[in-house]
Amino acid sequence: IWYNLVVVQPLLTSYALRQRFLQTCIAYNAIAYPIAIAIWLRLVFSLRPALRLAARDQQHDDPVLTDARRRIIHLPWWSATIAGGAWLICIPVFLASLASVGGLDRMLLWHLPISFLVSAFISVTHSFFLVELASQWGLFPVLFRNARADLIPGARPVSLRERGVLWMISAGICPIGSLLLLSFAPPAPGTDPAWFAVFVGTVGVAFGLCTAVMVGRLVTKPIDELRTAAQRVAEGRLDFRLDLHRADEFGLLIGEFNHMLDELREKERLRRMFGLHVGRKTAEQLLEHDPGLSGVERVITVMFVDIRSFTRRTADLSPSQTVAVLNDFLRVMVDVVEAKHRGIINKFLGDGFMALFGVESTELQHADDAVAAGVEMLAALGGLNSGHAPADPIAVGIGIHTGPAVVGSIGSPERLEFTAIGSTVNIASRVETLTKTVGRSMLLTSATREQLQRQFPLEQLPPQPIRGVEEPVTVFSIVAA
């Protein structure tokens, strides 16, 4: 308006031209504004059926919803098209209207279009960003509740580069171009070109700040959300989801970030389930090393534990009662082995289990850990029997042997098992079976005895024949306190 009053109006050299200019302004605004507003309202209200479907949690692949989502993404483009079209049509309309009067100054042929172009650029950019902000605030959370905005087919979202170009036009080209044009325009009577330049520059800075605020909000919010989310993931907190719907590059980043969170949550769930099935320490071993078809040989201590006459004891129990008794027993034994004595429950064997000591490190204390665990297991078994007061107390056999074994993953590429194999494992199993023959609850071999660094009350028994071993094996039992 100021440009028209100061620059364009002096070029309207006759009263008839000034009157025609004023009449054209009134007539064009009276026609163009209602038409532009009607087109915009029709476009916005056409989204109501889709909003109703979204409110009823309609399926995300509904054609009506997909079309509405695409139109919402395109709303900024539609606003720019309507605003820009209404402004740009002014150029031929005004020039034709003034030309019909006659006596048109040639300088009007470029000053008048420039006036409309500067106004059009400022109007288009501000309406563009305002509509984008409004739609992301009010429409995106409703219509993209169950869908990713960046994956809508046929959508043409606003890119970061395009936002930068629009902001540059509004904050840079328009005010700077206007200032440059003042040097070519004839000075209007009664105006000070210096103050006019200050006014144009001030208005340009104000519009530039407005667009900077809007662009900053459109860009900084997703960055802040992603930064906060990344910090939460770094802290190990995966129980959240980025609820920010964008169709641009940030939409892709947010969508992939949420997908990464889903994958991390699934891996954490599998890790926990894996730890429950193979044991937490075994799981840590497998996750720390490559679980390929390989193993390493090391000296370890192997323990086998078995409940005596478990089939006979549970003959009169229901399956659920049998499982309850076994779970109660294993809960106590697993806690003793893994939580207190650095062992690993490698596998459950029906009514017993195999435990490994010395797998995690090369320290030569695994024999002490195994024997101490066996002693504490027998003590805990006494407390377990007294707590339940069964008619026939649970009795166990514990066999312990120390020696070299191959520890690692065996199986096929599709199905692996982390375990220990070798004669050490076989001997430990047969020593546990030997407890029935000699009538002792816990036996350990001389190989284990030689590795002990602590003093335990042991009783040496006569050498016992063990299947698979040529010479009789010297075994020791724990002397009851």
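Residues numbered from 1 in each chain as written. Predicted model: local features only at pLDDT ≥ 70, side-chain atom pairs only at ≥ 80, totals over all residues. Heavy atoms only, no water.

**Q** Break down the side chain of Ser-97 for me, with residues and values.
**A** Structurally, Ser-97 can be placed in helix 5 (residues 90-99). Ignoring anything within four residues of it in the chain, the contact list for Ser-97 reads Arg-20 and Thr-24. (Helix = DSSP H or I, 4+ residues; strand = E, 2+ residues; numbered from the N terminus. Contact = heavy atoms within 4.5 Å.)

**Q** Go over the nonpolar core with me, naming the residues and quoting the values.
**A** Counting 32 residues, the largest nonpolar core has Met-303, Phe-329, Phe-353 and Met-377 as its most contacted members. For this core, the secondary-structure elements that each account for two or more residues are strand 1 (295-307), helix 13 (319-341), strand 3 (352-357), helix 14 (366-388), strand 4 (396-412) and strand 6 (442-445). Ranked by the residues each element gives to this core, the list is headed by helix 14, at eight residues. Phe-329 has contacts with Val-305, Ile-307, Leu-381, Leu-384 and Val-396, leaving out every residue within four places of it along the chain. Counting 17 residues, the second largest nonpolar core, distinct from the first, contains Leu-47, Leu-53, Ile-152 and Ala-247. (Core = buried A, V, L, I, M, F, W, Y, C linked by side-chain atoms within 4.5 Å. Buried < 20%, exposed > 50% of the residue type's maximum accessible area, 1.4 Å probe, protein only.)

**Q** Give me empty space enclosed by the protein: which residues, what numbers.
**A** Scanning the model with the defined rule gives two cavities of 30 Å³ or more in all. Considering only enclosed or pocket space, the largest cavity measures out at about 90 Å³ in volume. Taken together, 13 residues line the largest cavity, and the ones lying closest to its centre are Ile-73, Glu-132, Gln-136, Phe-140 and Ala-247. Mapped onto the lining of the largest cavity, the elements with two or more residues apiece are helix 4 (63-88) and helix 6 (108-138). Taken together, the residues of the lining of the largest cavity sort by class into seven nonpolar, two polar and four charged. (1 Å grid on protein atoms, 1.4 Å probe; cavity = no way out; pocket = protein on both sides within 12 Å on 5 of 7 lines; lining within 4 Å. Points joined across faces, edges and corners; volume = space filled by probe spheres on them. Nonpolar A, V, L, I, M, F, W, Y, C, P; charged D, E, K, R; others polar.)

**Q** Pulling in residues and values, what's your account of helix 4?
**A** For helix 4, built from 26 residues, the straight-helix expectation of 38 Å at 1.5 Å per residue is met to within 8% by its first-to-last C-alpha distance of 35 Å. Of all the bends in helix 4, the greatest, near 50°, is centred on His-74, and the proline Pro-76 appears no more than four residues after it. (Expected span 1.5 Å × (residues − 1). Bend = angle between axes of the 7 residues up to and from the residue.)

**Q** An account of unusual backbone geometry is needed here, citing residue identities and associated values.
**A** Positive phi is not limited to glycine here, since Arg-342 has a value of about 60°. Its location among the elements puts Arg-342 in the loop between helix 13 and strand 2 (343-348). Arg-342 gets classed as partly exposed once you look at its relative accessible area, which sits at 39%.

**Q** Could you give an account of a nonpolar patch on the surface, with specific residues and numbers?
**A** Together, Tyr-33, Ile-37, Leu-41 and Phe-45 line one region of the surface with nonpolar side chains, adding up to about 400 Å² of accessible area. With respect to the secondary-structure elements, Phe-45 resides in helix 2 (residues 15-45). (Patch = residues over 30% accessible without salt bridge, like charges linked within 9 Å, V, L, I, M, F, W, Y side chains within 5 Å. Areas by Shrake-Rupley, 256 points an atom, 1.4 Å probe, with all protein chains shown as cover. Salt bridge = Lys/Arg side-chain N within 4 Å of Asp/Glu carboxyl O.)

**Q** Describe the confidence of the model for the protein, and please don't skip the residues or the numbers.
**A** Low pLDDT means the predicted coordinates in that region are not meant to be read closely. Chain-level pLDDT for the protein is 83 on average; 88% of the residues reach the 70-or-more range. The least confident element of the protein, judged by mean pLDDT, is helix 11 (residues 280-288) at 58; the most confident is strand 6 at 94. (pLDDT = per-residue confidence, 0-100.)

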